Amino acid sequence: MVEIPAGAIMMRDDRIKSSWTVQIFPFLLSKHLVTQELFYRITNTNPSTFKGTNLPVETVSWRDAVLFCNTLSTNLKLKPCYSFDLKTDDLIFDYSANGYRLPTEAEWEYACRAGSTGIRYGKIEDIAWYKTNSNNTTQPIGLKTPNAWGLYDMLGNVWEWCSDIYDESVYGSYRIIRGGGWCDEERSCMVTNRRRSHPKSFKIDDLGFRIARNL
């Protein structure tokens, strides 16, 4: 885990032409994407399409990712960040808990930028696996150049689930994904790109996650 310092970030949604500032408290973020080896150790399953212990886990739903976080937290005797609402069959996020969780969207972008101001934190060939260089598959974690805070594969390889709901009034429970993946064009692997999908049913071979924890 890497300690991410406090700060602030300006977020933007081009769909609705809106901008807002988010204050970021210090938190921990995993240096690497969650691998298939770690996912299997915690869940005893490996849903990934492309198999390999040091490849990022993919073909996981948002629900799969947060249940992994809860199980990991319980195993380490930490308070889980997510709990079930029995009336709605939805998961409630407790930001104050000390267990593992997905990063918020603002935390993700703030950490991805690592103080940079451009569309990426480096030259795309140096930092990301994407359509041009991925050989049509995921790649082992940590082979590309990290950002200034030591985080690997923040862009490319696989998209990453975030905790947040995208826009409940329009898309219901759809959750946010960020970062771009191995099959995306260069224009999709930018720090500002936002996508969303269904938290339970959406699983695809270029979508995984990394984990965060409160300090």
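Right above here is the structure, for reference.
All of these numbers come straight from a predicted model, not from anything done at the bench.

Conventions adopted
- Residues numbered from 1 in each chain as written.
- Predicted model: local features only at pLDDT ≥ 70, side-chain atom pairs only at ≥ 80, totals over all residues.
- Heavy atoms only, no water.
- Pairing = 2+ DSSP bridges.
- Helix = DSSP H or I, 4+ residues; strand = E, 2+ residues; numbered from the N terminus.
- Contact = heavy atoms within 4.5 Å.
- Axes fitted to C-alpha atoms, helices over the stretch in contact; angles between N-to-C directions.
- Salt bridge = Lys/Arg side-chain N within 4 Å of Asp/Glu carboxyl O.
- Buried < 20%, exposed > 50% of the residue type's maximum accessible area, 1.4 Å probe, protein only.
- Phe/Tyr/Trp six-rings, centres within 6.5 Å; stacked < 30°, edge-to-face > 60°.
- Lys NZ or Arg CZ within 6 Å of the ring centre and 35° of its normal.

Caption draft 1: Structural detail: the sheet that holds strand β4 (residues 27-29). Taken together, 4 strands build an open sheet; the order of strands is β1-β4-β12-β7 and the sheet is antiparallel. Only two strands of the sheet have a single partner each, and these edge strands are β1 (2-4) and β7 (100-101). As paired strands, β7 and strand β12 (residues 212-214) are joined by 2 bridges and run antiparallel to one another. Directly across from Y100, in β12, lies its bridge partner R213. Running over the sheet, helix α3 (residues 105-113) touches β1, β4 and β7 and is turned about 70 degrees from β4.

Caption draft 2: Up close: the environment of I24. The topology assignment puts I24 in strand β3 (residues 18-24). Residues I24 and G7, spaced 17 residues apart in sequence, show a C-alpha to C-alpha distance of 5.1 Å. If near-sequence neighbours (up to four positions away) are discounted, I24 is found in contact with P5, A6, G7, A8, I9, A106, E107 and Y110.

Caption draft 3: The arrangement of unusual backbone geometry in detail. Phi at A114 takes a positive value of approximately 50 degrees, unusual for a residue other than glycine. Residue placement: A114 occurs in the loop between α3 and α4 (124-127).

Caption draft 4: Expanded view of the side chain of S163. Structurally, S163 is set in strand β8 (residues 159-165). In this structure, S163 is in contact with W62, Y82, F93, L102, P103, T104 and R175, ignoring residues within four places of it in sequence.

Caption draft 5: Quick peek at the pattern of salt bridges. In this structure the tally under the stated criterion is 12 salt bridges. The salt bridge involving E109 is made with R113; its shortest N-O contact spans 3.4 Å. Of this pair, E109 and R113 both sit in helix α3, separated by 4 residues, roughly a single helical turn. Taking the relative accessible area as the measure of exposure, R113 reaches 16% and is therefore buried.

Caption draft 6: Up close: the packing of aromatic side chains. Overall, the coordinates contain 8 aromatic pairs when judged by the stated rule. Seen in terms of ring centroids, F39 and F68 are 5.4 Å apart; in terms of plane orientation they differ by 10 degrees. Their pairing is stacked. One end of the pair, F39, is in helix α1 (residues 36-43); the other, F68, is in helix α2 (residues 62-75), with 29 residues separating them in the sequence. Exposure remark for F39: the relative accessible area of 4% places this residue in the buried category. Its relative accessible area of 0% is what places F68 among the buried residues. A centroid spacing of 6.1 Å and a plane angle of 85 degrees characterise the contact between W62 and Y82, whose relative ring orientation is edge-to-face. Remark: Y82 occurs in strand β5 (residues 82-85) and W62 occurs in helix α2; sequence separation between them is 20 residues. Y82 carries the same exposure label as W62, and that label is buried. Feature note: the residues W62, Y82, F93 and Y95 constitute an aromatic cluster, connected by ring pairs. Its guanidinium or amino end placed over the ring of W129, K144 lies 4.3 Å from that ring's centre, counting from NZ or CZ. Taking NZ or CZ as reference, R196 lies 5.0 Å from the ring centre of Y166, over its face.

Without other data, these values stay purely geometric and don't point to any function.
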